[in-house]
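Listed below, chain by chain, are the residues.
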Amino acid sequence: MNQFENPFLPDFSHIYVESGAFNFELTNQCISKYPNATIIEISDYKSFFNRPNQDFQTQKISTKLILALKKQPFIYKGTDILQDGGYKNFYYNTPILNCLYNCSYCFLQGMYPSANIVVFVNEDDMKNEVLDAINKRSYKDEPLMLSVSYNTDLLAFENILPLTKNWMSFAKKNKDLLLEIRTKSALYNSIKNIKSSDQILLSWTLSPDNIIESYELNTPPLSRRIDAIKSAINDGWKVRICFDPILTYDNWKADYLSFFNKIKSDINFEQVFDITVGVFRMGQDYFKNIRKSKPDSDLFYQSYKNENGIVSIDSKKKNSVFKLVSDNFSNYLPQNKIHYWI
Amino acid sequence: MNFLILTALQSEAKPIISYFDLNKDPKTHIYSNKKIFLLITGVGEKNVINKLKSLELKGSSWSKTVILNIGIAGGNQLDTKIGNIYLVNSIFDQQSEREYFPDLIINTALEEMPMTTVSEPLINKDCSLRGLVDMEGGSIIKTMSPFVPPHRLIFLKIVSDHFKSSDLKRISVEKMIEAQMKNIHDLIRKVQHPKILDRSILNRVEKEKIQEIIIKYNLTKTQEYELLEWAESHKKIFNNLTKLESYFTVKTNNKKERNKLFESVRESIPS
């Protein structure tokens, strides 16, 4: 074999389909999208997804697709680590497990035993539970905020399956439902023909290009994300900008300062709905799982503090992050429009 | 990278031993050259498990090993052709009713097939099973999965029969395997990619240095684990272990002094 020859199968060379997941619309769409894929019928997605001793990063070389039926619970209450953006009735759901991207700092590699991507094809079951949660929500005077991209980047998947579009049209039919669609993708064109709605918050995570190149594998460069944001704002969408995580390392301030200056000159922040800011943080069990797999990324070999089971940078560094963001954006947005997870 | 080839029968092993010029170790009954090892397991679950246990599974390092099960199998005549080789993409163990899956990440160009592992031969029985049928695959994947990741578990089956004894009378197992040796060797070549091995941060010399510290100070298991983590972080950040080693030059006379030293290292390691 030539040393430069790629011996690996492409992503989605195989599609594993639960016996009960055949004949769903999403299953048919997916199978027709990959006519050359080998289809393997499985009884339960967990028998494939939860196998022992899988290697997340090796599976990222040739990721497989799993089509399955989601069982209860269909939605989850927000956690302490997840930013709620100030919404009291905050929930997330998991239309997809895992992500097309491979960000070094992502908790998914410690959360799941596999890097293969699970798509739950029974959307209606999930939607019915959301309707139920809307009716039963604790704070009746506020809508229910649902994050649909917690365990994935849903918009990045839009060229494969129209899940973002489906959830957007569902939200528009239910006035007490707000959606957050958080993404790093530049696929705004795939939802551009949808009329903007105040119920839907499009959130883009932005990082300096050096961070994107080093730690956000397979994601679009900053310039393409900025173009997507500008188009969305022009089309009337509420846009949230997420600096999450802001990574701290030698000279991080200089990199982030020049990054902030660039985006402030490219994006009109008066039209930005809000900003969320976070630092590197992870549940200790996920961190340990990742560290055990000896990842290539240097992120998991730094010194961190473990407070109440959350591994993160020390408070001095957190304060520096807070100050840098505050100094750079407090003239652009009111203080209550900048949310920190620091 | 090492390959451990498992066959059920001597007749399956013979062409492989000859092709790779393997020599038998009379003590272990394992055939080997530098990188390829072969073990004849015998037929069926009981034999397979006994033979694999003889490898002292827990005590062995599997971080650089690919397991390759090669052998003949029955095949449904609608799906398979006698003499053809197939890469197994799923294994249903009929006895336990469990599904197993190797990870398929290498582009082999071999035709894929699902397989059922049964406990009794199906020759001349009315068999409606699709794909391949063997008697060892389920036991091998079940036994080896805790030790070897699924991307280094490979099952290659050559169809010997369509569940009829008349098919078996016409064939020679040795010749069938021999005819597929080029395909088998091609696959072994393709699999030899560093990305499929376990990732390792410390090299052999560095691991030995850490081991010396562990012995010198008679570290506890927890301290051993922590030292290894420090060593990996040091290597990642400084690209060597020099600073870390410098902390372990003083002599300690008892556990109390050792623990004190360990604490002081914990407080002063830069990262």
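Description of the structure in this document. (Residues numbered from 1 in each chain as written. Chains lettered and ligands numbered in written order. Predicted model: local features only at pLDDT ≥ 70, side-chain atom pairs only at ≥ 80, totals over all residues.)

### What to know about the interface of chain B and chain A
With 28 residues of chain B at the interface, the matching set in chain A holds 26 residues. When contributions to the side of chain B that touches chain A are tallied by element, the ones reaching two or more residues are strand 6 (85–93), helix 6 (181–191) and helix 8 (221–238) of chain B. The greatest single-element share of the side of chain B that touches chain A, amounting to 4 residues, is contributed by helix 8 of chain B. A breakdown of the residues in the side of chain B that touches chain A according to their chemical character gives 10 nonpolar, 9 polar and 9 charged. (Contact = placed C-beta atoms within 7 Å. Helix = DSSP H or I, 4+ residues; strand = E, 2+ residues; numbered from the N terminus. Nonpolar A, V, L, I, M, F, W, Y, C, P; charged D, E, K, R; others polar.)

### Description of the packing of helix 7 (residues 204–217) of chain B against helix 8 of chain B
Residue and element names in this part refer to chain B. Viewed as axis vectors pointing N to C, helix 7 and helix 8 meet at an angle of 145°, and their least axial separation amounts to 11 Å. Where helix 7 crosses over helix 8, the handedness of that crossing is right-handed. Contacts from E206, I210, I213 and I214 in helix 7 reach E224, L227, L228, A231 and K235 in helix 8. Grouping the constituent residues of the contact of helix 7 with helix 8 by class yields 6 nonpolar, no polar and 3 charged. (Axes fitted to C-alpha atoms, helices over the stretch in contact; angles between N-to-C directions. Left-handed = near helix turned anticlockwise from the far one by under 90°.)

### A word on helix 2 (residues 44–53) of chain B
All names here are of chain B. Along helix 2, the residues that are buried comprise E45, V48, K51 and L52. Along the axis of helix 2, the buried positions cluster into a sector of 140°, meaning they face one direction only. Facing away from the buried side of helix 2 by more than 90 degrees, the exposed set consists of K46, N50 and K53. In this fold, the buried residues of helix 2 make contact with strand 4 (36–40) and helix 3 (137–144). (Buried ≥ 20, exposed ≤ 12 C-beta atoms within 10 Å, placed from the backbone. Arc of directions from axis to C-beta.)

### Examining the pairing of strand 1 (residues 14–18) of chain A
Residue and element names in this part refer to chain A. Counting buried positions along strand 1 gives 4 out of 5 residues, so the element sits mostly inside the fold. One ladder, built from 5 bridges, connects strand 1 with strand 2 (residues 38–42); its direction is parallel. What sits directly across from Y16, in strand 2, is I40. A crossover links strand 1 with its parallel partner strand 2, the connecting element being helix 1 (residues 25–33), and its sense is right-handed. The pairing of strand 1 with strand 3 (residues 65–68) spans 3 bridges and is parallel. Residue I15 lies in a different strand from strand 3, and its bridge partner there is L65. (Pairing = 2+ DSSP bridges. Right-handed = clockwise from strand over helix to strand, strands pointing away.)

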